[in-house]
Amino acid sequence: MTARPVQIAICDSLGPAYADAGAFVQAICDAAAIEWRKAGVAGVHLLDASFVDGCLCLVTGPGQEPLTRAAVRTFLEQKRHAA
């Protein structure tokens, strides 16, 4: 039996490889989704997110829905308002 991970963290820095911030966030979401699919999990639950100095870090867990740019934006806005 193969154990599934409890969390997967994906981090990257915004750089010239991305056309804009939206493409950058989408690439991070896609990377998280790929890692969860490799673990046999279809959906992603966003546990934490931070965007500091052009670096985005997402901490994810298994979930039911796909991870989207809109979900990341909403999570970051809610986190900013709570601080």
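In what follows, the structure referred to is the one given above.
Keep in mind that this is a model prediction, so the values were computed, not measured.

Participant: Summarise the pattern of salt bridges; cite the residues concerned and give the values.
Facilitator: Scanning all chains against the criterion turns up two salt bridges. Here Lys-38 ties to Glu-35 by a salt bridge, and the two come within 3.2 Å at their closest N and O atoms. Within this pair, Lys-38 and its partner Glu-35 are both found in helix H1 (residues 21-38), separated by three residues, close to a single helical turn. Judged by relative accessible area, Lys-38 falls into the exposed class, the value being 64%. Overall, Glu-35 belongs to the partly exposed group, its relative accessible area being 31%. Here Lys-79 and Asp-48 are joined by a salt bridge, their closest N and O atoms 2.8 Å apart. Taken together, the positions of Lys-79 in helix H2 (residues 69-82) and Asp-48 in strand E2 (residues 43-52) put the pair 31 residues apart, joining distant regions of the chain. By relative accessible area, which is 36% here, Lys-79 ends up partly exposed. Given the relative accessible area of 33%, Asp-48 is considered partly exposed.

Participant: If you had to explain the pairing of E2 to someone new, which residues and values would you point to?
Facilitator: Alignment of E2 against strand E3 (residues 55-63), held across nine bridges, turns out to be antiparallel. Looking at the pairing, Val-52 lines up with Cys-55 of E3.

Participant: Please set out H1 residue by residue, giving values where relevant.
Facilitator: Here H1 spans 26 Å end to end across 18 residues, near enough to the 26 Å set by a 1.5 Å rise per residue. Regarding H1, the residues found buried are Gly-22, Phe-24, Val-25, Ile-28, Cys-29, Ala-32, Ala-33 and Trp-36. In this structure, the buried side of H1 is in contact with strand E1 (8-13), E2, E3 and H2. Put simply, Asp-20 is the residue that caps the front of H1, since its side-chain oxygen is 3.1 Å from the backbone nitrogen of Gly-22.

Participant: Give me the lowdown on the nonpolar core, citing residues and values where you can.
Facilitator: Generally speaking, soluble globular proteins have nonpolar side chains that are buried together. Residues Leu-56, Leu-58, Leu-67 and Val-72 are the most contacted members of the largest nonpolar core, which totals 17 residues. Counting residues per element, the ones that place at least two in this core are E1, H1, E2 and E3.

Participant: Got a sec to walk through unusual backbone geometry? Specific residues and values, please.
Facilitator: A positive phi is found at Asp-53, a non-glycine position, where the angle reads about 50°. Checked against the element boundaries, Asp-53 lands in the loop between E2 and E3.

Cut-offs used in this document
- Residues numbered from 1 in each chain as written.
- Predicted model: local features only at pLDDT ≥ 70, side-chain atom pairs only at ≥ 80, totals over all residues.
- Heavy atoms only, no water.
- Salt bridge = Lys/Arg side-chain N within 4 Å of Asp/Glu carboxyl O.
- Helix = DSSP H or I, 4+ residues; strand = E, 2+ residues; numbered from the N terminus.
- Buried < 20%, exposed > 50% of the residue type's maximum accessible area, 1.4 Å probe, protein only.
- Pairing = 2+ DSSP bridges.
- Expected span 1.5 Å × (residues − 1).
- Contact = heavy atoms within 4.5 Å.
- Polar contact = N/O pair within 3.5 Å; in protein donor to acceptor, adjacent residues only side chain to side chain.
- Core = buried A, V, L, I, M, F, W, Y, C linked by side-chain atoms within 4.5 Å.

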